[in-house]
Structures are given as structure tokens and as C-alpha cells.
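Structural description and commentary
Residue-level listing of the chains:
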Amino acid sequence: MIKALLTHQIRQQLRSPIWAKNLLANILLGFASILMAIYALMLGIFLPELFERLLPDLDPVTALNRYLLYYFALEFMMRFFLQKSPVMSINPYLHLPITKSKLIHFMLGKSQVSVFNLFVVLLFSPYAVRIIAPEFGNIGAIAWLAGLFSISMSLHFLLLLLKKKLTEQPIYFWGTLIVFTALYGLDYFEIFAFSTISESLFSGLLHQPLWSGVTVLGWVMLYLINFRFYVANIYPEELVHKQKDQKITSSFAFLNKFGRIGDLIGLELKLILRHKRPRNALVMSVFFLFYGLIFYPTDTYQEANYIFLFIGLFITGVFFLNYGQFLLSWEGSYFDGILTRKLDFRTYLEAKYYLFLATSTLAFILSLGYGWFGLDIVWMNFAAFLYNIGINIFMVMRIAMYKPKKIDLNKRAIFNYEGTGAAQYLIIIPVVLVPYAIYLPFALTGLGNYGLAILAIVGLVGFFMRERWLDVLTKTFIHNRHRIAGGFRAQ
Amino acid sequence: MIDIKNLSKQYSGVTVVDIPELHIAKGESFGLVGNNGAGKTTFFRMMLDLIRPTEGEVLSKGVNVQKSEDWKYYTGSFLDESFLIDYLTPNEYFEFTGKLHGYSAGDLQVYLAQFESLFNDEILEKKNYVRDLSKGNQKKVGLAAALMGNPEVVLLDEPFANLDPTTQIRLKNLLKSWKVEHQVTFFISSHDLNHVTEVCDRIVLLEKGKVHKDIHTEADTLKDLEAYFSEYS
């Protein structure tokens, strides 16, 4: 039985329509996770040296034990965002003669096989081998590591429970963050020695290996609590849609003034605000407004300030880059409906252009605050902004029409590469490299301002030619529409 | 065979199913009709323990379906495509469900042979996944899987919808012969009054979650039902 379920899981992965089509994204993702594992292992190997450097007057065992509780707090927060809930598509099995408990044992058991759960082992086993084992013997080292691993696994199951029972309330994330920052603060100013608690807990584990049994017990207990919860609650409608009352975002009445285009922008805004992944793109755009803070205050970057153009392009364009690269993909599941809608395609595309124009303009206005770091930054952002609205938006829209892939709006936001194809990897070339090709020769010969002026003029000309660009885009759209629709339907 | 006791389901205060009492005897074929939103599918889902009732219980052979899973071993069902494992080929799906019922490869072949005319050469030994099949063909897969393992109770939601006329007639004959040969208690919901009155000996008409009519099928049942639906307001 378990074997059959396991083959189903593997087949589901291999046969997923996205898998083959997103082979490149999958390879990159796989590569990234291998890299992460290697980094974790490397960090683990050099951890003793790191502690020696940072806390030279403590012996390495005490040093690490002091911060282990903080580590687990960090792990908890990381899991909060990244850990997926294990509910395999259980629907097709519920009516079949398989007991619920079998399904749930399988589901929970499988959830344990995950990179997150390996993390603690990768990070701390070198420590156990190099530092702990010589001092406390092999049994001590094994018990210590087993203790850490069981705590990590307990966190795994604790999070499953929290996520299911309390529907991803961010308060747990922020709560943990605040509590542990506060604890660290108290620790730092030597008001309350939280690290001593951590130390005594984990050194207890070293001196009495039997304590690791307690952590294993915690792991088993949490597993069983999860099991009981799922057995009692395995009703598809209750597990899937746990949102109690959905907020219906307002209808953007102010857009009514702008006629048909306003209506379409309102519709697009609803699409963005009512789905996790596009909403995430929006949030990221706001987040990237602060991107400049990393670079502007640093002297090294101030000297090589031609890199600021990149930041300017990014700050004023991140939304249309992020969201616009999937221009048609967002609506892929009802694209036939769009094609048959009583609406000319030009208006459809025009609305998208004006949405991107509006977001870029807003981002530029907000970026004016960076004038505090020097007016040349404002000037540079202005040139980048003009280039974005005159050239780059059209470029992104055009590239996005090249073999778009469907996006399922109702899927998660993080680590979701659905819709990513070759075009999305290549988009950066025209968007960033072309303006640099114009600007860099001037900048390197000390005539940066002329380069920016040319960029600004190119952008401005492009902006005044926008009707013409929209015509071209419409033509491309009309020309490709059957292929695009066919592609969406096939997925 | 099946007893409904005080069964009700509410969604945020709105009652979608409210059936105080209903008894369905073994071998009876039970037809459920009613307009959209009458609660037919919700009722079926509660019978299969897929939805938690707000109140009351469904007893299958005297045992609450929520309390024990025994019913799974003698109940076949197909409500919608979510019952299928869509990344398997139809053959793989039948092999899997067949295995659950203890079928050997030979048993499975014999079993599937009776669906030959229903499948019309479009289902078996094809290199398509279930998700690539048309709605009608997916339905055929679900129906064949639901009848596997000599079930005593079979629940089908809209079995005739999405099927071509020929298949509808074949399915109707298949259901009728199963009823006689295997003593199956059928639960069939349908919008097709013609078919459902022909297959079922008892028709229950749901209106807004309540049993509005409970009739033994007779010659003029179809006419009665048509009259009800055309005057429905």
C-alpha cells in the first residue's frame, strides 16, 4: 500500500505538466538547494573557528550551546515561511477502501523527508565530530546531535499544527521575532541571561545523554498530536479553505473616471490583490523601493556610482518587471474568455501599459526621498524612470508575449516558478544591458551626465511614441493570439 | 441499509441540507432530483464522510459513517473528477483501485471487459493521463472504478451528464442490469428526469435542502416531476 502511494507521489512529480516544461527552473532550483546544503555543511565545518573569532574567551562547546535556542527560534521563523503543509492531494483516496489513519501516517511520515529537517544535521554534525566527540565521547556527541535533530523535528510538527489550526497567522512569526529579539536584547545588556538557560539546557544534554530521550519523546508526541488532529479533521473542504471570512477588496471606484481603461485596470488590481502570488509581486515592489538603502550610503558604491543606474532602473521598474513579465500568463486560465470578450485588444493592452506607467511613476515619486544621498541620485533615477516608461515597459510586454505559460493563480507565492520560461530568463538583457550599453561609455569617460541625458531623451521619445508602440504590440498580440491561447489550453 | 437521522448541514447560518429521517432499504435504487443548490451533492458528500454534518448522522448498516470506516469496503462512489488521481493513466488507476479490492491482473481484465461497450475503445491501453481525457471519458473511468469490488452501495452524482447519448443509454442499461444481478443499492442524483425515473424505483425530490417529495416510481412519475420543475418558483 505504502509502495503504491509512494509511486503515486513520484509519478505526480514526474508527470506534472509544469515539471517538464519548467525543466530549466527545476534544474536551477535543484542546484540552488544542493548549493544551500553545501553552504550549510561548510558553515558547520567552520563554525568552531567562527566562535573562536567571535567569542574568544569561551570554550567552543559553551559558546555554541548558548546560542542554540536562538538558532531554533530562527529555524522556527524560517520554517514558518518556507515549510509547506504536507496535505498531499488526499481527495482521490478518501472514498476508496483505505483507512484514514493509513493515509495520514503516510502523509506525516513523508513530510519528514525534507531539506529543512536535514539542515540541523548538516550544520551541527561537523561540530559534533570535531568538538563534542573528543571532549564528551561518541555517545555524548550522538546524544547531543540526536537531541538537536529531535528538536528540529518537533519544530517541524509544531509548525504543521500551527499552520493548520491557526491558518498562517503572521502573528506567530512576528511574535517569535519580537520575543527573541527582546530576549537577545536583555541578554546583551546582561539583564536576563537567556543564553545561560540555553547553555544549561544543551550542556545538560551532553552530561546526561539520556536527556535526548526527552527530545525524541517531544518529537513523537507532536507527531501523534498531528495525527490525531488530522484524523479528526480530514474533510477536504475544511482543510483546503480555512479562510473564515474572505475580505472582498474594494471596487476602486475612483478608476471609473477613466472609462474602459479604468475598468480594466480595476479588474487587474483585483486580480493582483486577491491572489497570493501577484500580491507578493506587489509587496516585493514596495520592498524594493528600499533597495537603494543598501547601496547609496556606502562610500565604495558612491565612488563607482554607475552601478546606481541599475538600482534606478530597478526601483522605478520593479513592478512591471516582476508582474509584467507574466503579462498574459496571469489570465491564462481564462484566456479564451478574454479573446472572445467584447473589447478590442488594443484597449486591453493599453490598460496594462497605463497600469505599469502609473506604478512606475508612483515608485519614482517615492524614490525622490533618496535625494537625501545626493541630487545626482535623483537625476539618475529620473533618467532611468524615463527610459523605463518609454522603452522598457514595451520591451517587457513584447517579450512576455513570447510563448507565455499559464499560471495557476491559486497556488502559493514562494518558490513557485510556474509560468517561468526562457523569455523570463532573457528579459534582463534588453531591460538592463541596453541602457548600460548607452550609458557606460559616457560614464567611464567621466561624461556620465551626457549618458543620462541621452537615456532620458531616448525614454522620452519612446514615451511620446507610445501610441505607435501600442499599435505594434496589438499587432503582435493579434498575430500570436491563437498560438498563445492554444498553449494555455494545452497546459 | 442506509438510515439518515436528523441530518443537517449549514454554511454560515444558511441550511443547505435538512433531512430529519430517511430510510433506504437494501437493493433499493434511490434517485435524487432537485434544482441546483437543492443540496444533492452536499447530501452525497455527507454520506461519504467527506463533509462534516452540522447535526445528525448517516448510518450505513447501522453504523455512523463518521465513526467507523467499514462502509468504505462495501461502498463505491463517484461524485466528480476530484475522485480520480489525474496524473495516472486510466489503466494505472484501475490497477491501483483493483489492488485495493484484491483484484489480480486477470480479475481486473475480466472486470473491465464488461465495460467494453461503455469505454468505446477510448479509455484503456491509451497513453493519456486521466487529466487529459474529456469530461465524459473521465466520468467513465470514475464509474467503472466505483463499481469495482462488488459494492453493496453505489453513489453516483450526475452519472449521465457529459456523456454522449449512446453512452447514456448504455450506462442506463448497465445500471439496470447491475441492480438486478448484484443487488446493489444505488444512489443516483441526476438532472435528467427521463433516465433517473427509468433506473430508480424511488425518487426523492430535494428543494432547498428538504425532502419535498418521496415517491415510488410509477408510470406517471415523470409527468409529475416535469410538472413540478416547470412550475418551480
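Please refer to the structure placed before this passage.
Read on for an overview of the structure. As the structure is a prediction and not an experimental result, all values here were calculated from the model. (Residues numbered from 1 in each chain as written. Chains lettered and ligands numbered in written order. Predicted model: local features only at pLDDT ≥ 70, side-chain atom pairs only at ≥ 80, totals over all residues.)

Now for the overall build of chain A. For chain A, the count of helices and strands is 23 helices and zero strands. Expressed as a percentage of contacts within chain A between residues at least 6 apart in sequence, the contacts between residues at least 24 apart total 79%. (Helix = DSSP H or I, 4+ residues; strand = E, 2+ residues; numbered from the N terminus. Contact = placed C-beta atoms within 7 Å.)

This brings us to unusual backbone geometry. Residue and element names in this part refer to chain B. With a phi close to 50°, Lys 61 is a non-glycine residue in the positive phi region. Considering the arrangement of structural elements, one finds Lys 61 in the loop between β4 (55-60) and β5 (63-64). Non-glycine residue Asn 150 carries a positive phi angle of around 45°. Here Asn 150 shows up in the loop between α5 (135-146) and β7 (153-157). For Asn 150, a count of 13 C-beta atoms within 10 Å puts it in the partly exposed group. (Buried ≥ 20, exposed ≤ 12 C-beta atoms within 10 Å, placed from the backbone.)

Residue and element names in this part refer to chain B. Read across the sheet, four strands follow the order β2-β1-β4-β5 without closing on themselves; strand pairing throughout is antiparallel. Every interior strand has two partners, whereas the edge strands, β2 (14-24) and β5, have only one. Bridge analysis of strand β1 (residues 2-11) against β2 gives nine bridges, and the strand direction is antiparallel. Looking across to β2, one finds that Leu 7 is bridged to Ile 19. Those strands touched by helix α1 (residues 40-47) are β1, β2 and β4, and its axis lies near 60° from that of β2. (Pairing = 2+ DSSP bridges. Axes fitted to C-alpha atoms, helices over the stretch in contact; angles between N-to-C directions.)

On to the interface of chain A and chain B, then. Across the contact, 19 residues belong to chain A and 20 residues belong to chain B. Counting only elements with at least two residues in the side of chain A that touches chain B, the list comes to α1 (2-15), α5 (91-94) and α11 (236-240) of chain A. In terms of residue count, α1(A) provides more of the side of chain A that touches chain B than any other element does, five residues in total. In the side of chain A that touches chain B, the residues fall into eight nonpolar, six polar and five charged. (Nonpolar A, V, L, I, M, F, W, Y, C, P; charged D, E, K, R; others polar.)

Moving on, we come to the packing of helix α18 (residues 345-367) of chain A against helix α19 (residues 375-400) of chain A. Residues and elements named next belong to chain A. Relative orientation of the contacting elements α18 and α19 amounts to 160°, with a least axis distance of 10 Å. Taken together, α18 and α19 sit at an angle that is classed as roughly antiparallel. Relative to α19, α18 is oriented so that their crossing is right-handed. Contacts from Lys 352, Tyr 353, Phe 356, Leu 357, Ser 360, Phe 364 and Ser 367 in α18 reach Asn 381, Phe 385, Asn 388, Ile 389, Ile 393 and Met 397 in α19. When the residues that make up the contact of α18 with α19 are grouped by side-chain class, the tally is eight nonpolar, four polar and one charged. (Parallel < 35°, antiparallel > 145°, perpendicular 65-115°, else oblique. Left-handed = near helix turned anticlockwise from the far one by under 90°.)

Here we come to the pairing of strand β3 (residues 29-33) of chain B. Residues and elements named next belong to chain B. Extensive coverage of β3 is indicated by the burial of five of its five residues. Burial along β3 is two-sided: Ser 29, Gly 31 and Val 33 facing one way and Phe 30 and Leu 32 facing the other are all buried. Bridge count for β3 against strand β8 (residues 185-189) is four bridges, and the pairing is parallel. If you follow Gly 31 over to β8, its bridge partner there is Ile 188.

Residues and elements named next belong to chain B. Alignment of strand β9 (residues 202-207) against strand β10 (residues 210-216), held across six bridges, turns out to be antiparallel. The residue of β10 that forms the bridge with Leu 206 is Val 211. Turn length for the β9-β10 hairpin, with the two strands adjacent in sequence and antiparallel, is two residues, and the turn residue Lys 208 shows positive phi of about 50°.

Position of A:Arg277 among the secondary structure elements: in helix α13 (residues 276-288). Separated by 46 residues in sequence, A:Arg277 and A:Tyr323 place their C-alpha atoms 9.5 Å apart.

Across a sheet, paired strands are connected by hydrogen bonds in the backbone, their directions being either parallel or antiparallel. Residue and element names in this part refer to chain B. The six strands lie next to each other as β6-β7-β8-β3-β9-β10, forming an open sheet whose pairing is mixed. In this open sheet, the two edge strands, each paired with only one partner strand, are β6 (75-78) and β10. Averaged over all adjacent pairs, the angle separating strand axes in this sheet is 15°, with direction ignored. Inspection of the sheet shows β3 paired to β9 by four bridges, in the parallel sense. Bridge pairing in β9 links Val 33 to Leu 205. On the sheet, α5 packs against β6 and β7 and is oriented at approximately 175° with respect to β6.

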